[in-house]
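Structural features, examined
Below are the chains, spelled out letter by letter.
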Amino acid sequence: MAETPEFQRLAIPEVILVTPRRFGDNRGFFAETWNAARFAANGIEAPFVQDNHSLSATPGTLRGLHCQISPSAQGKLVRVVRGSIWDVAVDLRVGSPTYGRHAAGELTAENFAQLWIPPGFLHGFCTLEANTEVVYKVSHAGYDPAAERGVIWNDPDLALPWPAVADAATLSAKDARLPLLAACEPWLRY
């Protein structure tokens, strides 16, 4: 069976960069991208309930910052199957010593890395290449419009170090209208 992936805890230890092992030969490669027992042994216990796939046509496409609040809070295991992104998680757990801080990483089709973002975090990403495809598993709860929340990507209090391509970000109308984190205090109950 496949070797254990590499699990790297980031600046916020609950946010984990996972790099699955690839085994290649003249046909291509094989990789195990999810294994409940291996991931649980490394701090990722997630009952996945939904898979999502997005295509972003242009570099600088920015999706986020999104989350779902309790009782429909979600964790996400994010990976890129084509192109590349700068992926970020922002801690919204009330009382957490890392509240309002972020952990981030570059995910590419080439580096094969995945980012685990637990429930209680905002999630967003910016594409670094054209035609980037992102696939992610969602844990605990499927999409719940009543629980959907977000914070504007360029909130100065968060001071996220977005890549330069984000300066000319392509946003959805919905994401462009998201509030600052300071206006979100009433729903921050994780």
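Before any of the text, the structure's been laid out above.
Residues numbered from 1 in each chain as written. Predicted model: local features only at pLDDT ≥ 70, side-chain atom pairs only at ≥ 80, totals over all residues. Heavy atoms only, no water.

We now examine the side chain of Ser139. Structurally, Ser139 can be placed in strand β12 (residues 132-139). Residue Ser139 is classed as buried on the basis of its relative accessible area of 0%. Not counting residues up to four positions away in its chain, the partners in contact with Ser139 are Ala46, Pro47, Phe48, Val49, Ala73, Gln74, Gly75 and Trp116. (Helix = DSSP H or I, 4+ residues; strand = E, 2+ residues; numbered from the N terminus. Buried < 20%, exposed > 50% of the residue type's maximum accessible area, 1.4 Å probe, protein only. Contact = heavy atoms within 4.5 Å.)

On to the sheet that holds strand β1 (residues 6-9), then. Spatially, the six strands line up as an open sheet ordered β1-β2-β10-β7-β12-β5, and their pairing is antiparallel. Unpaired on one side and paired on the other, β1 and β5 (48-56) mark the two borders of the sheet. Neighbour-to-neighbour, the strand axes of this sheet turn through a mean angle of 20°, independent of strand direction. Two strands pair when backbone bridges link them, and β5 and β12 are joined in this way by eight bridges, in the antiparallel orientation. Bridge assignment links Leu55 to a residue of β12, and that residue is Glu133. (Pairing = 2+ DSSP bridges. Axes fitted to C-alpha atoms, helices over the stretch in contact; angles between N-to-C directions.)

Under the criterion given, the structure shown has seven salt bridges. Close ionic contact of Asp51 with Lys137 constitutes a salt bridge, the shortest N to O distance being 3.3 Å. One end of the pair, Asp51, is in strand β5; the other, Lys137, is in strand β12, and 86 residues separate them in sequence. Measuring nitrogen to oxygen at the nearest pair gives 2.7 Å for the salt bridge that ties Glu133 to Arg82. Separated by 51 residues along the polypeptide, Glu133 in strand β12 and Arg82 in strand β7 (residues 76-82) bring together distant segments of the chain. Within the structure, one salt-bridge network assembled from shared partners comprises Glu14, Asp91 and Arg93. (Salt bridge = Lys/Arg side-chain N within 4 Å of Asp/Glu carboxyl O.)

What follows deals with the nonpolar core. What tends to happen in soluble globular proteins is that the nonpolar side chains get buried as a cluster. By size, the foremost hydrophobic cluster in this structure holds 19 residues, and its most contacted members are Leu65, Val88, Leu122, Leu158, Leu160 and Trp162. In this structure, Leu122 is in contact with Leu65, His66, Cys67, Val88, Ala89, Val90, Leu92, Ile117, Gly150 and Val151, ignoring residues within four places of it in sequence. In terms of nonpolar packing, the next biggest core, distinct from the first, is built from 18 residues, Val80, Ala113, Tyr136 and Val138 among them. (Core = buried A, V, L, I, M, F, W, Y, C linked by side-chain atoms within 4.5 Å.)

Read across the open sheet, the five strands follow the order β9-β8-β11-β6-β13; overall the sheet is antiparallel. Among the strands making up the open sheet, the edge pair consists of β9 (102-108) and β13 (148-150). Taking each pair of neighbouring strands and ignoring which way they run, the sheet shows an average axis angle of 25°. In terms of strand pairing, strand β6 (residues 62-68) meets β13 through three bridges, oriented antiparallel. Paired with Cys67 across the strands is Arg149, a residue of β13.

Across all of its chains, the model carries seven aromatic pairs by this definition. Between the aromatic rings of Phe7 and Phe39, the centroid separation amounts to 5.1 Å while the plane-to-plane angle is 85°, which identifies the pairing as edge-to-face. Highlighted residues: Phe7 in strand β1 and Phe39 in helix α1 (residues 36-40), separated in sequence by 32 residues. According to the relative accessible area criterion, Phe39 is buried, its value standing at 0%. Ring plane angle 75° and centroid distance 5.9 Å describe the contact between Trp153 and Trp162, whose orientation is recorded as edge-to-face. Note on accessibility: Trp153 and Trp162 belong to one class, buried. By the ring-pair criterion, three or more aromatic residues cluster together here, those being Phe7, Trp34, Phe39, Phe48 and Trp116. Residue placement shows Arg22 over the ring face of Phe112; its charged tip is 4.5 Å from the ring centre. Positioned above the aromatic ring of Phe48, the side-chain terminus of Lys137 is 5.6 Å from the ring centre. (Phe/Tyr/Trp six-rings, centres within 6.5 Å; stacked < 30°, edge-to-face > 60°. Lys NZ or Arg CZ within 6 Å of the ring centre and 35° of its normal.)

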